[in-house]
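A structural walkthrough
One-letter residues, chain by chain:
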Amino acid sequence: MFDRYIVVEDTLRNVVEGGDVVGVQFGARLPYYRGLGLSMIEAVDVTLGGEPVPVEDVSVTLGGRTYPVREMDHEPEAVWNFGEVGTVTVRKPGGLPEGEHSVGVLFRLRVSYLPMMLTGQDRKTLPLVGT
Amino acid sequence: MTQPAQIKRGVSLYSFQEEFFLRKMTLEDCVAACARMGAYGIETLAEQMMPGFPHLDDAFYDGWHAMMAKYGTVPVCHDMFLDTKRFKGRTLTLDEQVESVVRDLKHASRLGCTVMRVLVFVTPEVLERCVPYAEQYGVRMGLEVHAPLHFDHPWILRHLENMERVGSPLLGFVPDMGIFTDHYPPVMIGRFLRQGATPEIAEHIRREYDRRTLAEYVINDVREMGGNRVDIAMAEVLRHNLWSNPRHLLEHMDRIFHVHAKFYEMDENDQETSLGYEQVIPILRQGGFSGYLASEYEGNRHIQDAFEVDSVEQVRRHQRMLARLIGEREVQHV
């Protein structure tokens, strides 16, 4: 559910730090009908141009705080609110060239009342909208 | 002279999740929409539309009550969740589960709700432990009877036995209209077809559902017909969707606190295309049900891949149908 809204249009940009392009950012929403504590997000699998991004290079910023995906297990208090656009940052020296790029995200959510993991995914082609 | 309608109309704000998710409607917009339809009973999911829960401050609750007063609406039901799998690798202990439910009882009370919808997977042991707190906060705990469970399912029967043993008037049920699914919902069929279901096989599944054929037989049929992955998934929905006897409601009437008037699709003639409203509401009237029927629109997830969702119009049509079926004499506000 809400899969088609995961990757947010017109949000793809390069991240510049100290004059260097160090990564790529885009907006994403959780494909679920309520907010969820980060410790229940089992996976945020990102692809750029169809290529999987190593999990250690991905972090999510919510409400001004940044959480590396690998450390979300330890964040039961922080919540990704319903419909909240989080900023996904991928460490990628040099960033992406101008033009359009395929951006994919797959979430696996540990929803307590379901016996299986809830999975949601989306892939969109987004134009790079600058830095 | 016509008897005044005893059943009251409400809306679960879950119905407007599509618009809230996309920030097209705020919490106040949702409440205002309900008031415009004469659906004055408001049901809410804190974790959906009240960011910051469970750490909401006094200003939030003051604002909530001011909003209820402004629109003439009444807080009716809070929908709780219980994250038993909150920590990776272990389930919450019984004490932790109780603590979480009590947190929700307190929130329900602060909202002004007298009913809390309890997820059906919550155990009888947890509910029993929460009864003293429900008394303290003045909130009734209604276990949601939600498909694929139903009033005769062993899990519900186990809850019922426990309710009878505990003997508290604060323990009961919130039936979800999904347990009265008369026809395979057309919005689901449409989605499976868009995903690649085989039209002839989809038609076979639809027809067999109407014939009340056992799910496992239909799944087997689909395999033998050479059904693809989507066809199988469409048949497997029969394990979840079900028709149960609405007369069971009469047996449990004194424990029915609230009804989730779930629906998938209202057509232009204000008819729901799959659920047994025409059969169920007369039984609720016969039983003297005097609580709320809260519209719970769940069609968005089945059409959002291809169509613009208009939850407000869907709820408006549903409210017109409810007003007609519960026998309201004046429905001009809907």
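Let me begin by describing the structure that accompanies this report. (Residues numbered from 1 in each chain as written. Chains lettered and ligands numbered in written order. Predicted model: local features only at pLDDT ≥ 70, side-chain atom pairs only at ≥ 80, totals over all residues. Heavy atoms only, no water.)

Comments concerning the overall build of chain B
Note the cut-off: Secondary structure counts use DSSP, requiring at least four H or I residues in a row for a helix and at least two E residues in a row for a strand, with both numbered from the N terminus. We compute the radius of gyration over the C-alpha atoms and compare it with the globule rule, which gives 2.2 Å times the number of residues raised to the power 0.38. Burial classes: relative accessible area under 20% of the type maximum marks a residue as buried, over 50% as exposed, and values in between as partly exposed (1.4 Å probe, protein chains only). Throughout, a contact is declared for two residues whenever any of their heavy atoms are within 4.5 Å. Surface accessibility in these figures is a Shrake-Rupley result with a 1.4 Å probe; residues are shielded only by whichever protein chains are displayed.
Helix and strand counts for chain B stand at 15 helices and eight strands. A globule of 334 residues ought to have a C-alpha radius of gyration of about 20 Å, and chain B, at 20 Å, matches this closely. With the C-alpha coordinates aligned to their principal axes, the bounding extent of chain B is approximately 60 × 50 × 45 Å. Counting every position in chain B, which comprises 334 residues, the buried fraction comes to 56%. Considering only residue pairs separated by 6 or more positions, chain B has 79% of its internal contacts joining residues 24 or more positions apart. Accessible surface, chain B: about 14,100 Å² in total, of which carbon and sulfur atoms supply 50%.

What to know about the pairing of strand β9 (residues 86-91) of chain A
Residue and element names in this part refer to chain A. Cut-off, in case you're wondering: Pairing between strands is defined by DSSP: at least two bridges between the two strands are required.
Sheet analysis places strand β2 (residues 20-28) next to β9, joined by six bridges and oriented antiparallel. Following the sheet pairing, Gly 27 is matched in β9 by Thr 87. Pairing of strand β6 (residues 58-62) with β9, which is carried by four bridges, proceeds in the antiparallel orientation. Note on β9: the bridge partner recorded for Val 58 is Val 90.

Things to note about helix α2 (residues 27-36) of chain B
Residues and elements named next belong to chain B. Of all ten residues in α2, seven are buried; the element is thus mostly enclosed. Every buried residue belonging to α2 is among Leu 27, Cys 30, Val 31, Ala 32, Ala 33, Cys 34 and Ala 35, and all of these are buried. Looking at the packing, one finds that the buried side of α2 touches β1 (8-12), α1 (17-21), β2 (41-44), α3 (46-49) and α4 (58-71). Following α2 by one or two positions, Gly 38 adopts a phi angle in the positive range, close to 70 degrees.

Some thoughts on the nonpolar core
Residues and elements named next belong to chain B. Using the following cut-off: We define the nonpolar core as a collection of buried residues of types Ala, Val, Leu, Ile, Met, Phe, Trp, Tyr and Cys that are connected through side-chain atoms lying within 4.5 Å of one another.
Within the largest apolar cluster, 149 residues are counted, with the highest numbers of intra-cluster contacts made by Phe 16, Met 141, Tyr 184 and Tyr 277. Those residues in contact with Tyr 184, other than ones at most four positions away along the chain, are Ile 189, Phe 192, Ile 205, Arg 206, Tyr 209, Asp 210, Met 234, Val 237, Leu 238 and Ser 274. One finds Val 76, Cys 77, Phe 257 and Tyr 292 within the second-largest nonpolar core, a separate group that totals six residues.

Here's the deal with the packing of helix α9 (residues 199-210) of chain B against helix α10 (residues 215-224) of chain B
Residue and element names in this part refer to chain B. The following threshold applies: The angle between two axes is taken between their N-to-C directions and runs from 0 to 180 degrees, where each axis is a line fitted to C-alpha atoms and a helix contributes only its stretch in contact. Working rule for angles: under 35 degrees goes down as roughly parallel, over 145 as roughly antiparallel, 65 to 115 as roughly perpendicular, anything else as oblique. Put simply, a crossing is left-handed when the front helix is turned counterclockwise from the back one by less than a right angle, and right-handed when it is turned clockwise. Any residue that is not Ala, Val, Leu, Ile, Met, Phe, Trp, Tyr, Cys, Pro, Asp, Glu, Lys or Arg is counted as polar, Gly included; the first ten are nonpolar and the last four charged.
The geometry of α9 relative to α10 is characterised by a closest axis approach of 11 Å and an angle of 165 degrees between their N-to-C directions. The angle between the axes of α9 and α10 places the two elements in the roughly antiparallel class. Two packed elements cross with a definite hand, and for α9 against α10 that hand is right-handed. Contact with α9, carried on its side by Ile 201, His 204, Ile 205 and Glu 208, involves Val 218, Asp 221 and Val 222 of α10 and no other residues of that element. Residues belonging to the contact of α9 with α10 are distributed by class as follows: four nonpolar, one polar and two charged.

A short note on the pattern of salt bridges
Which entries qualify depends on this criterion: Salt bridges are counted wherever a side-chain nitrogen of Lys or Arg sits within 4 Å of a carboxyl oxygen of Asp or Glu.
Taken as a whole and assessed by the stated rule, the structure comprises 33 salt bridges over all chains. The shortest N-O distance in the salt bridge between Arg 212 of chain B and Asp 182 of chain B comes to 2.6 Å. Taken together, the positions of Arg 212 of chain B in the loop between α9 and α10 and Asp 182 of chain B in the loop between β6 (171-175) and α8 (186-194) put the pair 30 residues apart, joining distant regions of the chain. Between Arg 317 of chain B and Glu 313 of chain B there is a salt bridge, with its nearest N and O atoms 3.0 Å apart. A residue pair is termed a helical-turn pair when its members lie 3 or 4 positions apart in one helix, as Arg 317 of chain B and Glu 313 of chain B do in helix α15 (residues 311-326) at four residues. Several salt bridges share partner residues, and in doing so they unite Arg 34 of chain A together with Glu 47, Asp 83, Arg 103 and Asp 104 of chain B into one network.

Points about the side chain of Thr 89 of chain A
All names here are of chain A. Let me state the cut-off plainly: The term polar contact refers here to a pair of N or O atoms within 3.5 Å; inside protein, the definition further demands a hydrogen-donor-capable atom paired with an acceptor-capable atom, and it admits residues adjacent in sequence only when both atoms are side-chain atoms.
Relative to the helices and strands, Thr 89 resides in strand β9. Take Thr 89: its relative accessible area is 17%, and that puts it in the buried class. Reaching out from Thr 89, the side chain makes a polar contact with the side chain of Gln 25 at a distance of 3.0 Å. If we ignore the near neighbours within four places in the chain, the residues touching Thr 89 are Val 15, Val 24, Gln 25, Asp 57, Val 58 and Ser 59.

Thoughts on the interface of chain B and chain A
Counting from both sides, the interface comprises 27 residues of chain B and, opposite them, 27 residues of chain A. Across the chain B-chain A interface, the total number found is four salt bridges. We note a salt bridge from Glu 77 of chain A to Arg 86 of chain B, for which the minimum N-O separation is 2.9 Å. Counting every contact that joins chain B to chain A gives 16 residue pairs in polar contact (both at pLDDT 80 or more). At the level of elements, α1, α3 and α14 (300-303) of chain B are the ones that each hand at least two residues to the side of chain B that touches chain A.

Comments concerning the sheet that holds strand β4 (residues 41-48) of chain A
Residue and element names in this part refer to chain A. Reading across the sheet, the four strands line up as β5-β4-β10-β11 and stay open at both edges, with antiparallel pairing between neighbours. The two strands at the open ends of the sheet, each matched to only one other strand, are β5 (51-52) and β11 (118-127). Sheet topology note: the β4/strand β10 (residues 100-109) ladder contains seven bridges and is antiparallel. Across the sheet, residue Ala 43 finds its bridge partner in β10, namely Arg 108.

Focus on the packing of aromatic side chains
To keep it simple, the criterion reads: Any pair of Phe, Tyr and Trp rings, taking the six-membered ring for Trp, is counted once the centres come within 6.5 Å. Such a pair is stacked with planes under 30 degrees apart, edge-to-face with planes over 60 apart, and tilted for the rest.
All told, the structure shown has 17 aromatic pairs over all chains when counted by the stated rule. Look at Tyr 5 of chain A and Phe 21 of chain B: their rings are 5.9 Å apart centre to centre, the planes differ by 40 degrees, and that puts the pair in the tilted class. Pair noted here: Tyr 5 of chain A is in the segment before β1 (13-17) and Phe 21 of chain B is in helix α1, and the two residues belong to different chains. Accessibility assignment for this pair places Tyr 5 of chain A and Phe 21 of chain B in one class, buried. Look at Phe 82 of chain A and Phe 20 of chain B: their rings are 5.9 Å apart centre to centre, the planes differ by 15 degrees, and that puts the pair in the stacked class.

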